[in-house]
Every structure is written in C-alpha cells, then in structure tokens.
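# Chains, contacts and geometry: an overview
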Amino acid sequence: MLKGFFDGLSEHRSKRAKQSEFDHLEHTEYLYSSDYLRGLYNRTSNNGQRHALMDYMDRFDVNNESYKGYSGLYNEIDNWLHPQEDEWVKIPRSILEEYLKGDDEL
C-alpha cells in the first residue's frame, strides 16, 4: 500500500517542474532548446513560472518569427497569460432591421 502511495507521489512530482528549474533560467548564460523550454512549459503550475520562461526568451531575443520553435512557444505562453477577447461591434437596431428586411425580399 505504501509503495502505491510513493509511486503516485513520484509520478505527481515528475509532472510538475520544480521552481529551481525556473530560477536557474534567470542566471544561466546558455540558451536551452525550444523543446526543453516547451517541456518546462507543459509542467508549469503557476503564472510566475510562465513569466520566467517568457523573460528567459526575451533575454536571448528569440521570440521573433526567425526562431519558429521559440516564437511559437512564446506566443502560446503570451496567449495563456493574456487571453484575447473577441471584439464586438455594436450595430444600430435600424441597420439590423433594414438588413433583415432585405433578406425577405430575396
């Protein structure tokens, strides 16, 4: 029974990245691959960790289209942190009524 508990705990820990992995990004002088960063992103548990990934990519200036792997990841994280709301245009009722009357004439 205890083995099952510890196996479950081990599996849970492997699904979540440790905070030290993100803290290390602030100080390293090496650029990790976009695959490695995506793996970290997939295991993030809070927005602070997501911001750390974005700051890291900003520091190496790899968040533009010429670096597709990094750019895609950067945009994905940005969309997670700052979701875009659909813009709605308010149309006056008179225009809508006129438009709907026009459909009846067809």
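Here's a quick rundown of the structure. (Residues numbered from 1 in each chain as written. Predicted model: local features only at pLDDT ≥ 70, side-chain atom pairs only at ≥ 80, totals over all residues. Heavy atoms only, no water.)

## Topic: helix α4 (residues 47-59)
Taking 1.5 Å per residue as the helical rise, α4 with its 13 residues ought to reach 18 Å, and the 18 Å between its terminal C-alpha atoms agrees with that figure. All buried positions along α4 are accounted for by Q49, R50, A52, L53, M54, Y56 and M57. On its buried side, α4 packs onto α2 (19-27), α3 (34-42) and α5 (68-81). Its side-chain oxygen at 3.0 Å from the backbone nitrogen of G48, N46 defines the N-terminal cap of α4. (Helix = DSSP H or I, 4+ residues; strand = E, 2+ residues; numbered from the N terminus. Expected span 1.5 Å × (residues − 1). Buried < 20%, exposed > 50% of the residue type's maximum accessible area, 1.4 Å probe, protein only. Contact = heavy atoms within 4.5 Å. Polar contact = N/O pair within 3.5 Å; in protein donor to acceptor, adjacent residues only side chain to side chain.)

## Focus: the packing of α2 against α4
Remark: α2 packs on α4, axes separated minimally by 9 Å, with the N-to-C direction vectors making an angle of 25°. Here α2 is positioned roughly parallel relative to α4, judged by the angle of their axes. Relative to α4, the crossing made by α2 is left-handed. Within the contact between the two elements, α2 uses Q19, F22, L25, E26 and H27 and α4 uses Q49, A52, L53, Y56 and R59. Taken together, the residues of the contact of α2 with α4 break down into 5 nonpolar, 3 polar and 2 charged. (Axes fitted to C-alpha atoms, helices over the stretch in contact; angles between N-to-C directions. Parallel < 35°, antiparallel > 145°, perpendicular 65-115°, else oblique. Left-handed = near helix turned anticlockwise from the far one by under 90°. Nonpolar A, V, L, I, M, F, W, Y, C, P; charged D, E, K, R; others polar.)

## Remarks on the nonpolar core
Core analysis: the biggest nonpolar cluster contains 17 residues, and F22, L25, L37, L40, L53, M57 and I77 have the highest contact counts within it. Going through the elements one at a time, α2, α3, α4 and α5 are the ones with two or more residues in this core. If near-sequence neighbours (up to four positions away) are discounted, L25 is found in contact with Y32, L37, L40, L53, Y56 and R59. (Core = buried A, V, L, I, M, F, W, Y, C linked by side-chain atoms within 4.5 Å.)

## Section: the side chain of Q49
Along the chain, the position of Q49 falls in helix α4. The exposure class of Q49 is buried, given its relative accessible area of 2%. A distance of 2.7 Å separates the side chain of Q49 from the backbone nitrogen of S45, its partner in a polar contact. Once residues lying within four places of it in the same chain are set aside, the contact partners of Q49 are A17, Q19, F22, R43 and T44.

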